[in-house]
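# Residue-level structural notes
Spelled out from the first residue to the last, the chains are:
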Amino acid sequence: ELALKSLGNEGLFLFSSLDTNNDLYLSPEEFKPIAEKLTGVAPISEFEEEKMPDPGGETLSVVAKFQPLVMETMTKSKDGFLGISRVALSGLRNWTAPAVPMSMMLARQFKAFLPPKDKLDLGDPWWIIPSELNIFTGYLPNNRFYPPPPKGKEIIIHRLLSMFHPRPFVKTRFAPQGAVACIQAISTFYYTIAFRIHAEFQLNEPPDFPFWFSPGQFTGHIILSKDSSHVREFKLFVPNNRSLNVDMEWLYGASESSNMEVDIGYLPQMELESTGPSVPSVIHDENGNVIDSRDPSGEPIQFVFEEITWQQEIPWEEAAQKLEVAMYPFKKVSYLPFTQAFERAKAEKKLVHSILLWGALDDHKPLSASLPMPGSGRTLRETVLESSPILALLNESFISSWSLVKELEELQSNRENEFHSKLADLHLEKYNFPVEMIICLPNGTVVHHINANHFLDITSMKPEDIENNIFSFSTNFEDPSTATYLQFLKEGLHRAKPYLQT
């Protein structure tokens, strides 16, 4: 109360966003973001001073490419952003270009991408930045403006993402956090490493309230020598193959419990790419003498690089799938694209287990997860969809798929393929916000469905209070969510029996 009286709502909000341990005292480390903002000087961290690579090593030129969010893809754009102040969206609207279009980096800084000694098999994932959140730990606070100082392997990720925007958070507020990688190819002296990173950006600064910009994921690959002295190739990007790929949230008040707006949109391009292999910053002749980096005519010396012969490799799609399963254990079941799922179900004479969402199920924090309601894709994927009994039954008896409402609406209106349009139509008839779980025949007929909010209401009730035996608890499982979802799937199989036997 004394702090509120001294600082007022807005002042206390800013103070709380810096006071990371909530002790009502700002340590020098906590005050550092403000000091850097006022002085314009960012001191080198102790870790960077101790671990700074040899400045005489090779350097890599990295360029940033960025196309801003398409505002028309935001749901709020349909009513002209009615009731939303321009100040709230100012950080988003003003972000039209990368903060650092090109950067020179030392090759050895990419050592963070090298595998640990026990992860040298193709496709065997490891964590570059481990996830520290799960459904039990909750999530990190929303009322923050400045990222904590990166440590260890976070430093290179933070520096790369800072090329897009000056305030990247390499640890997201929601699970799964972190960065995961696996070996995609091996040669005598080189690795190709595939990686996936979950990170987000804070677009606003005081006195405005926080605006969180959360791309679904960053993915990419790096080809580097096993001693990290040379980087042959580097690329990082936000996938743009789905119609929506960014989640956004912004606060309307000076506390963690303030009203929050949420939306989702499409980002056409956000990528980093090396302009070529890393090259020596200092060139020596055969006697060890430093020589000019330009030839007598003034042209830069051209380097010739040996061709890499890969001895073992796996396709990019396989590596990406391994990373996805590491981030999301529920992906041990394959989730096929919508129309492909029905084709497979028909061929294998199985039912389709379909999840229809407003926001994505396998991006780092689907929009539905951030809403102040229980029916969320995040809750589903971190509980029932990861449980062993559910994984086993889905693999045995169903073909699974998840879709965005917007994608099915587009498919529904596309009359070039009447069957696909009808499939989308049958799904959308049953959909209620924010998430609907649907079981249907290969021809699209829905035999069973339940809304995520209703499902979670049931699982929060005591077993003796549930009258409808369709969702009664099984005594075989202690977890009511798993038991209820298992019953939902089995009821779908039971209702479909007459159709599958014909």
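Parameters and conventions
- All chains use their own residue numbering, which begins from 1 and follows the written sequence.
- It should be noted that, the model being predicted, local features are given only for residues of pLDDT at least 70 and side-chain atom pairs only at 80 or more, the latter also being counted only at that level, while totals for whole chains, interfaces and linings use all residues.
- The side-chain values count all of the structure's non-hydrogen atoms but skip hydrogen atoms and water molecules.
- Every helix listed is a DSSP run of H or I at least four residues long, and every strand listed is a run of E at least two residues long, numbered separately from the N terminus.
- Relative accessible area decides the class of each residue, using a 1.4 Å probe on protein chains only: under 20% of the type maximum gives buried, over 50% gives exposed, and in between gives partly exposed.
- We call two residues contacting when some pair of their heavy atoms lies within 4.5 Å.
- Areas reported as accessible are Shrake-Rupley estimates using a 1.4 Å probe. Residue values count occlusion only from the protein chains shown.
- Aromatic pairing here means that ring centres of Phe, Tyr or Trp (its six-membered ring) are within 6.5 Å. Orientation follows from the plane angle: under 30 degrees is stacked, over 60 is edge-to-face, and everything else is tilted.
- Whether a charge sits over a ring depends on NZ of Lys or CZ of Arg being within 6 Å of the ring centre and within 35 degrees of the ring normal.
- For two strands to pair, DSSP has to find at least two bridges joining them.
- Working convention: axes come from line fits to C-alpha atoms, limited for helices to the stretch in contact. Angles between N-to-C directions cover 0 to 180 degrees.
- Only one rule defines a salt bridge in this text: a Lys or Arg side-chain nitrogen within 4 Å of an Asp or Glu carboxyl oxygen.
- Here the word oblique covers every angle except those under 35 degrees (roughly parallel), over 145 (roughly antiparallel) and from 65 to 115 (roughly perpendicular).
- Less than a right angle of anticlockwise turn of the near helix away from the far helix marks a crossing as left-handed, whereas a clockwise turn marks it as right-handed.
- Under the grouping applied here, Gly and all other residues not named as nonpolar or charged are polar, the nonpolar ones being Ala, Val, Leu, Ile, Met, Phe, Trp, Tyr, Cys and Pro and the charged ones Asp, Glu, Lys and Arg.
- Distance and chemistry together define a polar contact, namely a pair of N or O atoms within 3.5 Å, with one atom able to donate a hydrogen and the other to accept it when in protein, and with adjacent residues in sequence counting only for side-chain atoms on both sides.
- The length a helix should cover is 1.5 Å for every residue beyond the first.
- Two axes enter the definition of the bend at a residue: one is fitted to the seven residues ending there, the other to the seven starting there, and the bend is the angle between them.
- Working definition of a nonpolar core: buried Ala, Val, Leu, Ile, Met, Phe, Trp, Tyr and Cys residues. They are joined through side-chain atoms within 4.5 Å.

Per an unreviewed UniProt entry, the chain goes by SELN protein and derives from Bucorvus abyssinicus.

For the chain, the helix and strand inventory stands at 13 helices and 22 strands. Of all 502 residues assigned to the chain, the portion counted as buried reaches 52%. The long-range fraction of contacts in the chain, counting pairs at least 24 apart against all pairs at least 6 apart in sequence, stands at 71%. If you sum the accessible surface of the chain, you get close to 24,200 Å²; carbon and sulfur atoms cover 52% of it.

Here we take up the packing of aromatic side chains. Aromatic rings in a pair are described by how distant their centres are and how their planes are angled relative to each other. On inspection of all chains with the given rule, the structure shows 21 aromatic pairs. With 4.9 Å between their ring centres and 20 degrees between their planes, Tyr139 and Phe174 make a pair best called stacked. Of this pair, Tyr139 sits in the loop between strand S3 (126-129) and helix H5 (154-161) while Phe174 sits in the loop between strand S4 (168-169) and strand S5 (178-186), placing them 35 residues apart in sequence. Over the aromatic face of Phe81 sits the side chain of Arg93, whose NZ or CZ is 5.2 Å from the ring centroid.

Across the sheet, which stays open at both edges, the five strands sit in the order S18-S20-S19-S21-S22 with mixed pairing between neighbours. This sheet does not close on itself; its edge strands, each paired only once, are strand S18 (335-336) and strand S22 (446-451). One ladder, built from seven bridges, connects strand S19 (residues 351-357) with strand S20 (residues 398-404); its direction is parallel. Counterpart to Val352 in the pairing with S20 is Ile399. Docked against the sheet, helix H7 (residues 338-348) engages S18, S19, S20 and strand S21 (435-440), running at close to 165 degrees with respect to S20. Relative to S20, helix H9 (residues 388-397) is tilted by about 105 degrees, and along the sheet it contacts S18, S19 and S20.

Looking now at the pattern of salt bridges. Under the criterion given, the structure shown has 16 salt bridges. In this structure, Glu261 and Lys76 form a salt bridge, with 3.6 Å as the shortest nitrogen-oxygen distance. On the criterion of sequence distance, the pair formed by Glu261 in strand S12 (residues 260-265) and Lys76 in the loop between strand S1 (58-67) and helix H4 (90-94) is long-range, its members being 185 residues apart. The exposure class of Glu261 is partly exposed, given its relative accessible area of 22%. One salt bridge in this structure joins Glu306 and Arg232, with 3.6 Å as the shortest N-O distance. Of the two residues, Glu306 sits in the loop between strand S16 (290-291) and strand S17 (312-313) while Arg232 sits in strand S10 (residues 231-237), which places them 74 residues apart along the sequence. We classify Glu306 as partly exposed; its relative accessible area is 44%. Of the residues examined, Arg232 reaches a relative accessible area of 14% and is grouped as buried. Here the salt bridges share partners, and the residues they tie into one network are Lys76, Glu261 and Asp263.

Glancing now at the packing of H9 against helix H13 (residues 480-501). Close contact between H9 and H13 brings their axes to 10 Å; oriented N to C, the two are set at 15 degrees. As the angle between them shows, H9 and H13 are arranged roughly parallel. With respect to the hand of their crossing, H9 and H13 are arranged in left-handed fashion. Of H13, the residues touching H9 (which contributes Pro389, Ile390, Leu393, Leu394 and Ser397) are Thr482, Tyr485, Leu486, Leu489, Lys490 and Leu493. Class assignment of the residues belonging to the contact of H9 with H13 gives a composition of eight nonpolar, two polar and one charged.

With that settled, consider the sheet that holds S12. Across the sheet, which stays open at both edges, the five strands sit in the order S4-S7-S8-S11-S12 with antiparallel pairing between neighbours. Here the strands that pair on one side only, and so sit at the sheet edges, are S4 and S12.

Inspection of the secondary structure puts Arg167 in the loop between H5 and S4. Looking at Arg167, its side chain comes within polar contact range of the side chain of Glu205, at 3.4 Å.

What follows is about H13. For H13, which comprises 22 residues, the first-to-last C-alpha distance of 31 Å matches the rise-based estimate of 32 Å (1.5 Å per residue) to within 8%. Of all the bends in H13, the greatest, near 40 degrees, is centred on Arg495, and the proline Pro498 appears no more than four residues after it. Of all the residues in H13, the buried ones are Ser481, Thr482, Ala483, Thr484, Tyr485, Leu486, Phe488, Leu489, Glu491, Gly492 and Ala496.

To continue, consider H9. Every α-helical turn comprises 3.6 residues, leaving residues that sit three or four positions apart pointing alike. Of all the positions in H9, only Ile390, Leu391, Leu393, Leu394 and Ser397 are classed as buried. Packing partners of the buried residues in H9 comprise S18, S19, S20 and H13.

Tracing the backbone through its elements, the reader meets Ser274 in strand S13 (residues 269-274). Excluding residues within four positions of it along the chain, Ser274 makes contact with Leu60, Ser61, Val62, Glu233 and Phe234.

This part takes up the nonpolar core. Counting residues in each nonpolar core, the largest one holds 55 residues, and the members touching the most others are Phe110, Phe113, Phe164, Phe213, Phe218 and Phe234. Not counting chain neighbours up to four residues away, the residues in contact with Phe113 comprise Trp126, Ile128, Ile156, Ile157, Leu160, Ile193, Phe195, Ile222 and Phe234. Residues Ala194, Leu380, Val384 and Leu385 belong to the second largest nonpolar core, which totals 41 residues.

Turning next to the pairing of strand S6 (residues 190-198). For S6, a buried count of nine out of nine residues is recorded, marking the element as mostly surrounded by other parts of the structure. Across the two faces of S6 the burial is the same, with Tyr190, Thr192, Ala194, Arg196 and His198 and Tyr191, Ile193, Phe195 and Ile197 all buried. In terms of strand pairing, S5 meets S6 through eight bridges, oriented antiparallel. Within S6, the residue paired with Val180 across the bridge is Arg196. Where S5 folds back onto S6 in an antiparallel hairpin, the turn is made up of three residues. Note: S6 against strand S9 (residues 218-225), eight bridges, orientation antiparallel.

Between helix H10 (residues 405-413) and helix H11 (residues 418-430), the shortest axis-to-axis distance is 8 Å and the interhelical angle comes to 135 degrees. Taken together, H10 and H11 sit at an angle that is classed as oblique. Crossing of H10 over H11 shows left-handed handedness. Between H10 and H11, the residues in contact are Val405, Leu408, Glu409, Leu411 and Gln412 and His420, Ser421, Ala424, Asp425, His427 and Leu428, respectively. Of the residues contributing to the contact of H10 with H11, the split by class is five nonpolar, four polar and two charged.

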